[in-house]
Amino acid sequence: MPSAFTQQRLAHLESLAAELPERGLVSRMLGGDDPVLWVWHPGSGRQTIVFATPARDGWLFLWSPAGQESADDPGHVADSVGKLLGTTP
């Protein structure tokens, strides 16, 4: 049985994952009891891992390189990740 902390983290990642297909992105949950979200853009082939972590004022999503947004608005986060991954390297 996952802890309450893991359930909260999973809920935030699932809310982000639900927003991604509208932006042409694909995702997969990884990590079992320590979930992270693997996100990629099928057209560009670019990818990143998104973490959800507690912060002083709620939860944050973190991704590479240097992405950080509040988990309060998963649609905005999906837009930011989409901009990062949608361009060709």
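As the structure is a computational prediction, the values presented were derived from the model and not from experiment. Per chain, residue numbering runs from 1 following the sequence as it is written. Local features in this predicted model are restricted to residues whose pLDDT is 70 or higher, and side-chain atom pairs enter the listing and the counts only when it is 80 or higher, whereas totals over whole chains, interfaces and linings include all residues. Computation of side-chain values: all heavy atoms of the structure, hydrogens and water removed.

**Some remarks on the pattern of salt bridges**
Where side chains of opposite charge bring their charged atoms close, a pairing between them can arise. The term salt bridge refers to a pairing of a side-chain nitrogen on Lys or Arg with a carboxyl oxygen on Asp or Glu at a separation within 4 Å. As enumerated under the stated definition, the model contains 3 salt bridges in all. One salt bridge in this structure joins Arg23 and Glu19, with 3.1 Å as the shortest N-O distance. Here Asp79 makes a salt bridge to Arg23, at a shortest N to O gap of 2.6 Å. Residue Asp79 is found in helix α2 (residues 74-86), and its partner Arg23 is found in the loop between α1 (4-19) and β1 (26-30); the two are separated by 56 residues along the sequence. Relative accessibility under 20% of the residue-type maximum defines a buried residue, over 50% an exposed one, and the middle range a partly exposed one, all with a 1.4 Å probe and only protein chains included. On the accessibility criterion, Asp79 (33% relative accessible area) is partly exposed. Strands here are runs of E lasting at least two residues and helices are runs of H or I lasting at least four, both read from the DSSP assignment and numbered beginning at the N terminus.

**Quick notes on α2**
Its 13 residues give α2 an end-to-end C-alpha distance of 17 Å, which sits within 8% of 18 Å, the value for a rise of 1.5 Å per residue. Listing the buried residues of α2 in full gives Pro74, Gly75, Val77, Ala78, Val81, Gly82 and Leu85. Seen from one end, α2 has its buried residues packed into an arc of 150 degrees, which puts them on one side. What makes two residues a contact is simply this: any of their non-hydrogen atoms within 4.5 Å. Looking at the buried side of α2, the elements it contacts are α1, β2 (36-40), β3 (47-55), β4 (58-63) and β5 (67-70). Any helix carries an expected span of 1.5 Å times its number of residues minus one. An arc is given here, and it is the one of the directions from the helix axis to the C-beta atoms.

**Structural notes on the pairing of β2**
Any two strands between which DSSP finds at least two bridges are classified as paired. Pairing of β1 with β2, which is carried by 5 bridges, proceeds in the antiparallel orientation. What sits directly across from Met29, in β2, is Leu37. Hairpin connection, β1 to β2: the antiparallel pair is bridged by 5 residues, and Gly31 has positive phi, about 105 degrees. Pairing of β2 with β3 involves 4 bridges; the strand directions are antiparallel. Residue pairing across strands places Trp40 opposite Gln47, the latter belonging to β3. In textbook terms, the turn of a hairpin is the stretch between consecutive antiparallel strands, and for β2 and β3 this stretch comprises 6 residues, one of which, Gly45, has a positive phi near 80 degrees.

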